[in-house]
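Chain by chain, the residues run as shown.
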Amino acid sequence: MALLDALALSASIERAHAVEDALEAFVAMRRMHVRLYQTASFLFTPIYQSNMKLLPALRDLLAQPLSSLWPAPRLLAAMVAGTLGGPLNKIPAFALDGGDPE
């Protein structure tokens, strides 16, 4: 996600006339992707990092079998790769191909 942030910030700076505009554009580009991963972290943290007894036991029992059912493999791969939610869709094309913003 740090590389996506860097790419979005670079694109924002190239297109903006003022730092404030660049930062506003950067936040807009990254908002939904960051929110998606913050929500996932909020939901999964109790399952993986808590002192509870029931949730980790259920995780250990169900995670492997459920992770092999459709569409879980594709979703898990996208989540780990950072591509869940289409983060590159909000970044201008010129930033992705190294072209000129004009």
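Residues numbered from 1 in each chain as written. Predicted model: local features only at pLDDT ≥ 70, side-chain atom pairs only at ≥ 80, totals over all residues. Heavy atoms only, no water.

### Re the pattern of salt bridges
Thinking step 1. Following the criterion strictly, the structure yields two salt bridges and no others.
Thinking step 2. One salt bridge in this structure joins Asp-5 and Arg-30, with 2.6 Å as the shortest N-O distance. Of this pair, Asp-5 sits in helix 1 (residues 2–15) while Arg-30 sits in helix 2 (residues 19–48), and the two are 25 residues apart along the sequence.
Thinking step 3. Accessibility expressed as a relative area gives 26% for Asp-5, which makes it partly exposed. (Salt bridge = Lys/Arg side-chain N within 4 Å of Asp/Glu carboxyl O. Helix = DSSP H or I, 4+ residues; strand = E, 2+ residues; numbered from the N terminus. Buried < 20%, exposed > 50% of the residue type's maximum accessible area, 1.4 Å probe, protein only.)

### With respect to the confidence of the model for the protein chain
In low-pLDDT regions, the fine details of the predicted coordinates are not to be read closely.
Thinking step 1. Overall, the prediction assigns the protein chain a mean pLDDT of 92, with 95% of residues at 70 or greater.
Thinking step 2. Across the protein chain, the secondary-structure element scoring lowest on mean pLDDT is helix 5 (residues 93–97), at 81, and the one scoring highest is helix 2, at 96. (pLDDT = per-residue confidence, 0-100.)

### Section: the nonpolar core
Thinking step 1. Judged by nonpolar contacts, Ala-8, Ala-11, Phe-26, Met-29, Ile-91, Phe-94 and Ala-95 together constitute the single largest core of seven residues.
Thinking step 2. Counting residues per element, the ones that place at least two in this core are helix 1, helix 2 and helix 5.
Thinking step 3. If sequence neighbours within four positions are ignored, Ile-91 has contacts with Leu-4, Leu-7, Ala-8, Ala-11, Met-29 and Leu-96. (Core = buried A, V, L, I, M, F, W, Y, C linked by side-chain atoms within 4.5 Å. Contact = heavy atoms within 4.5 Å.)

### Topic: the environment of Ala-93
Thinking step 1. By the element assignment, Ala-93 lies in helix 5.
Thinking step 2. For the pair Ala-93 and Ala-8, spaced 85 residues apart in sequence, the C-alpha to C-alpha distance is 11 Å.

### Things to note about the packing of helix 2 against helix 3 (residues 54–67)
Thinking step 1. At a minimum axis distance of 7 Å, the contact between helix 2 and helix 3 shows a crossing angle of 95°. It follows from the interaxial angle that helix 2 and helix 3 lie roughly perpendicular. Contacts between helix 2 and helix 3 involve Pro-46, Ile-47 and Tyr-48 from the former and Leu-55, Pro-56 and Arg-59 from the latter.
Thinking step 2. Across the contact of helix 2 with helix 3, the residue classes tally to five nonpolar, no polar and one charged. (Axes fitted to C-alpha atoms, helices over the stretch in contact; angles between N-to-C directions. Parallel < 35°, antiparallel > 145°, perpendicular 65-115°, else oblique. Nonpolar A, V, L, I, M, F, W, Y, C, P; charged D, E, K, R; others polar.)

### Some words on unusual backbone geometry
Most of the time, phi is negative for any residue but glycine, and the peptide bond is trans.
Thinking step 1. The peptide bond linking Trp-70 to Pro-71 adopts the cis configuration, its omega dihedral lying at 0°.
Thinking step 2. Looking at where Pro-71 falls in the secondary structure, it is placed in the loop between helix 3 and helix 4 (72–81).

### With respect to the side chain of His-33
Thinking step 1. In this structure, His-33 sits in helix 2.
Thinking step 2. In this structure His-33 comes out as buried when scored by relative accessible area, which is 4%.
Thinking step 3. Here the side chain of His-33 touches Arg-30 through a polar contact of 3.0 Å, side chain to side chain.
Thinking step 4. Apart from residues lying up to four places away in sequence, His-33 is in contact with Met-1, Leu-4, Gly-82, Leu-84 and Pro-87. (Polar contact = N/O pair within 3.5 Å; in protein donor to acceptor, adjacent residues only side chain to side chain.)

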